[in-house]
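Take a look at the letters that make up each chain.
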Amino acid sequence: MNTAQDASKTAMQKFLDVVEKVGNKVPHPAVIFLLLLGAVVVFSQVMAWTGVSVEYEVIVPQTREAQMDPVTDPMHYGMGSYPGYAAILEAETVMETRTATARSLLSVEGLRFMYTSLIPNFMAFTAVGLIIVAMLGVGVAEESGLIKAMIRKLVVIAPPKLLIYIMVFVGILSSIAADAGYLVLIPLAGAAFLSVGRHPLAGLAAGFAAVAGAFTVNVLIKPLDAVLVEFTNDAIHLVDPDVSIGLASNLWFSIVSVLVLTVVIAVITERVIEPRLGKFEGERPTEDSGGALSPEEKRGLLFAAVGLLGTLIFFGLLSLPAGAPLRDPDTGALIGNTPFMNGLIAFIATVFFVSGFAYGIGSGTMKKFSDVIKAMEKAVSTLGSLIFLLFIIAQFIAFFNYSNMAAILAVSMSNALTGASIGPVWLLLGFILVVVLLDFLITGAIAKWAIFAPIFVPLLMRLGVEPEAVLAAYRVADSPINMITPLNAYFALVVVFCQKYDKQAGVGTVVALMLPYVLVLLTLWTVLFVVWQVFGLPWGI
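Conventions we followed
Residues numbered from 1 in each chain as written. Predicted model: local features only at pLDDT ≥ 70, side-chain atom pairs only at ≥ 80, totals over all residues. Heavy atoms only, no water. Helix = DSSP H or I, 4+ residues; strand = E, 2+ residues; numbered from the N terminus. Buried < 20%, exposed > 50% of the residue type's maximum accessible area, 1.4 Å probe, protein only. Contact = heavy atoms within 4.5 Å. Axes fitted to C-alpha atoms, helices over the stretch in contact; angles between N-to-C directions. Parallel < 35°, antiparallel > 145°, perpendicular 65-115°, else oblique. Left-handed = near helix turned anticlockwise from the far one by under 90°. Polar contact = N/O pair within 3.5 Å; in protein donor to acceptor, adjacent residues only side chain to side chain. Phe/Tyr/Trp six-rings, centres within 6.5 Å; stacked < 30°, edge-to-face > 60°. Lys NZ or Arg CZ within 6 Å of the ring centre and 35° of its normal. Salt bridge = Lys/Arg side-chain N within 4 Å of Asp/Glu carboxyl O. Patch = residues over 30% accessible without salt bridge, like charges linked within 9 Å, V, L, I, M, F, W, Y side chains within 5 Å. Areas by Shrake-Rupley, 256 points an atom, 1.4 Å probe, with all protein chains shown as cover. Core = buried A, V, L, I, M, F, W, Y, C linked by side-chain atoms within 4.5 Å. Arc of directions from axis to C-beta. pLDDT = per-residue confidence, 0-100. Expected span 1.5 Å × (residues − 1). Nonpolar A, V, L, I, M, F, W, Y, C, P; charged D, E, K, R; others polar.

(A) Quick peek at the overall build of the chain. For the chain, the helix and strand inventory stands at 24 helices and two strands. Here the chain, with 541 residues, has 56% of them falling under the buried criterion. Across the chain, every contact between residues at least 6 apart in sequence was considered, and the portion connecting residues at least 24 apart equals 82%.

Now the structure itself:
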């Protein structure tokens, strides 16, 4: 950026520039997490020496996953990944009273755990498998040119002023497919912005804000809703066994939140992010130059449409008829804890694989099947540094949970808040603040709600607050911090996406890009929640 541009920057833009510079000067994320690992080991010993412990009630699903590893339970559930919660959607749950005592990682048992759990910790980190499988399909679609052609087609069809709103809205809705938005929508948003002459980092930021910042709401009922509602009902029954809420208990609030957040994210992108970034000066591939599609590209899109149709018919036959293999064998359900939803990432990868290969054949960019294999190898080969970082993060989370620091911290903050003599609205705001702070360390929506639901739902119900309001408050607090916490399994992936357009991009780049979204989304979404609560508007059906 030149001197004239620097002089014209606002105070906020200069502050974000400082955040980026400072953030990018910190060590490599892998080094940071290695240092954090060392800190966890030391503090675990100190806390064990002092005998720190807390007692709390937690909702526990009675499933195989819930009993896989008592060491990491209850923080086992959900890294934001679909497999983290799909298998407990229809499970029986029980309330357990537990005592979390600080456990030393330097004890005999702790050392044994660290030594023997390296591989299990990594294998249990579902984001790794999701990324690799998805990239196998997406890599074919990208290498064949399908994604670029689709973006150019979207740019031609969509009015320029509405492009950002369309991308953000689709990004928010992508949470119905769990983590697919992280893997597909975010890079597409960056490429779409580049194709119309806008800064690709602004597109990536808008996509990340839509996918991560509004993850807990949707205009549709999604699998995560089933888990959160089930936990809420179990907490309600501590006060009144005859009261329950339904899957659509937050539907109206969620729909309005989606519409409001779509506008807010789009406006922040256009009014704050893009002016700060300025004109994109990086290398712009000639194939991303936009313009009308060539005859070969049009033929490729036609072939891709046929491939997509064939894929949908194939999966439709496997899932739609009664007794189909991808339906739940006991209930016949298609949505929820079903084979289809549990393997959704395979469906998404197959769609991209078939459509990409079909496009390649039609457009002439792929001549034989070996071209497909090379595309898949290329896609996976770019993930080496990311996979290494995720390996370190997986160890940090496992060690942190083993020490019981997460449970002790969450319960201690909850107890401090519940002991305060304040009114329901202020207590709800305090609850939002506690969840926001804990989200820096515990990113999984289910893990936190398993602890918070039995504490705050009964407390606020006794103060006359509807349980639907408590769940809505949790939705507001849980998502925005996911945009800036490195413990988000996909934060490192977004850094990689940014480096495609800016080789110097790092953690500071992403934090500086996302900080305005976090601050504004948290503020306005909380205001919306308070207005909803004060005026007694219906939360859902």
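Next, the rest of the story.
(B) Local environment of unusual backbone geometry. Despite not being glycine, Asn404 has its phi angle at roughly 70°, a positive value. Note that Asn404 resides in the loop between α18 (384-402) and α19 (405-418). For Asn404, a relative accessible area of 16% gives the class buried.

(C) Layout of the environment of Phe431. Tracing the backbone through its elements, the reader meets Phe431 in helix α20 (residues 424-439). The exposure class of Phe431 is buried, given its relative accessible area of 0%.

(D) Seen up close, the packing of α20 against helix α24 (residues 507-534). It is at 11 Å that the axes of α20 and α24 come closest, and there the two elements cross at 150°. For the element pair α20 / α24, the angle class is roughly antiparallel. Handedness of the α20/α24 crossing: right-handed. In contact with Val425, Leu428, Leu429, Ile432 and Val436 of α20, α24 contributes Leu522, Thr526, Phe529, Val530 and Gln533.

(E) Representation of the side chain of Ser195 within the structure. Along the chain, Ser195 turns up in helix α10 (residues 180-195). Here the side chain of Ser195 touches Ala192 through a polar contact of 2.6 Å, landing on its backbone oxygen.

(F) Inspection of the packing of aromatic side chains at higher detail. This structure, assessed with the given rule, holds 20 aromatic pairs. Plain terms: the ring middles of Phe353 and Phe369 are 6.4 Å apart, the flat faces sit at 70° to each other, and that makes the pair edge-to-face. Taken as a pair, Phe353 in helix α16 (residues 344-363) and Phe369 in helix α17 (residues 369-381) lie far apart in primary sequence, 16 residues in all. With a centroid separation of 5.8 Å and an interplanar angle of 85°, the aromatic rings of Phe357 and Phe369 are classed as edge-to-face. Linking Phe357 in helix α16 with Phe369 in helix α17, this pair joins segments that are 12 residues apart in sequence. With a relative accessible area of 45%, Phe369 lands in the partly exposed category. Put simply, the rings of Phe253, Phe529, Trp532 and Trp539 touch in pairs and so form one group of aromatic residues. The cationic tip of Arg103 hangs over the ring face of Tyr402; the distance from NZ or CZ to the ring centre is 4.1 Å. Between the NZ or CZ atom of Arg198 and the centre of the ring of Phe193, over which it lies, the distance is 4.4 Å.

(G) Structural context of the pattern of salt bridges. According to the stated counting rule, one finds four salt bridges in the structure shown. Across the pair Glu270 and Arg198 runs a salt bridge, and its minimum N-O distance is 3.6 Å. One end of the pair, Glu270, is in helix α13 (residues 251-277); the other, Arg198, is in the loop between α10 and α11 (200-213), and 72 residues separate them in sequence. Relative accessible area serves as the criterion here: at 29%, Glu270 is assigned to the partly exposed category. Arg198 gets classed as buried once you look at its relative accessible area, which sits at 16%. In this structure, Arg475 and Asp225 form a salt bridge, with 2.9 Å as the shortest nitrogen-oxygen distance. Here Arg475 is found in helix α22 (residues 467-478), whereas its partner Asp225 is found in helix α12 (residues 223-236), with 250 residues between them in sequence. A cluster of three or more residues bridged by salt bridges with shared partners is formed by Arg198, Glu270 and Glu274.

(H) Layout of a nonpolar patch on the surface. Nonpolar side chains collect at one region of the surface, where Val425, Val527, Val531, Val534, Phe535 and Leu537 lie side by side and expose about 500 Å² of accessible area between them. No other element matches the three residues that α24 contributes to the nonpolar patch. Checked against the element boundaries, Val425 lands in helix α20.

(I) Quick look at the nonpolar core. In terms of nonpolar packing, the biggest core is built from 162 residues, with Trp449, Met514 and Tyr517 touching the most fellow members. Broken down by element, this core gets its largest block of residues, 13 residues, from α24. Once you skip the residues sitting within four places of it in the chain, Tyr517 turns out to touch Ala202, Ala205, Ala206, Ala209, Ile265, Ile268, Thr269, Ile273, Met483 and Leu522.

(J) Looking closely at helix α9 (residues 163-173). Within α9 the residues assigned to the buried category are Leu163, Ile164, Met167, Val168, Gly171 and Ile172. Projected down its long axis, α9 shows its buried positions confined to an angular sector of 160°, all on one face.

(K) Region of interest: the environment of Val243. Inspection of the secondary structure assignment puts Val243 in the loop between α12 and α13. What makes Val243 partly exposed here is its relative accessible area of 30%. Here the alpha-carbon distance between Val243 and Pro467, two residues 224 residues apart in the chain, equals 9.8 Å. When near neighbours in sequence (up to four residues on either side) are disregarded, Val243 contacts Ile236 and His237.

(L) Quick look at the confidence of the model for the chain. Overall, the predicted model of the chain reaches an average pLDDT of 81, with 82% of residues at or above 70. Note on residues 64-91: pLDDT is under 50 here. Beyond four places in sequence and across chains, it has 82 contacts. Counting contacts from residues 286-290, a segment whose pLDDT is below 50, to residues more than four positions away or on other chains yields nine contacts.

(M) Examining α11 more closely. Along its 14 residues, α11 runs 19 Å from first to last C-alpha, staying within 8% of the 20 Å computed at 1.5 Å per residue. For α11, the buried fraction is high: 14 of the 14 residues fall into the buried class.

(N) Focus on the packing of α13 against α24. For the pair α13 and α24, interaxial distance at closest approach is 10 Å and the crossing angle is 150°. Judged on the interaxial angle alone, α24 and α13 are roughly antiparallel. Crossing geometry of α13 relative to α24 is assigned as right-handed. Of the residues that constitute the contact of α13 with α24, the class distribution is 22 nonpolar, two polar and one charged.

(O) A look at the environment of Phe440. With respect to the helices, strands and loops of the structure, Phe440 is situated in the loop between α20 and α21 (445-462). Classification of Phe440 as partly exposed rests on a relative accessible area of 34%. A C-alpha to C-alpha distance of 5.4 Å links Phe440 and Thr485, two positions 45 residues apart in sequence. Sequence-distant contacts of Phe440, defined by excluding residues within four places in its chain, comprise Ile481, Ile484, Thr485 and Leu487.

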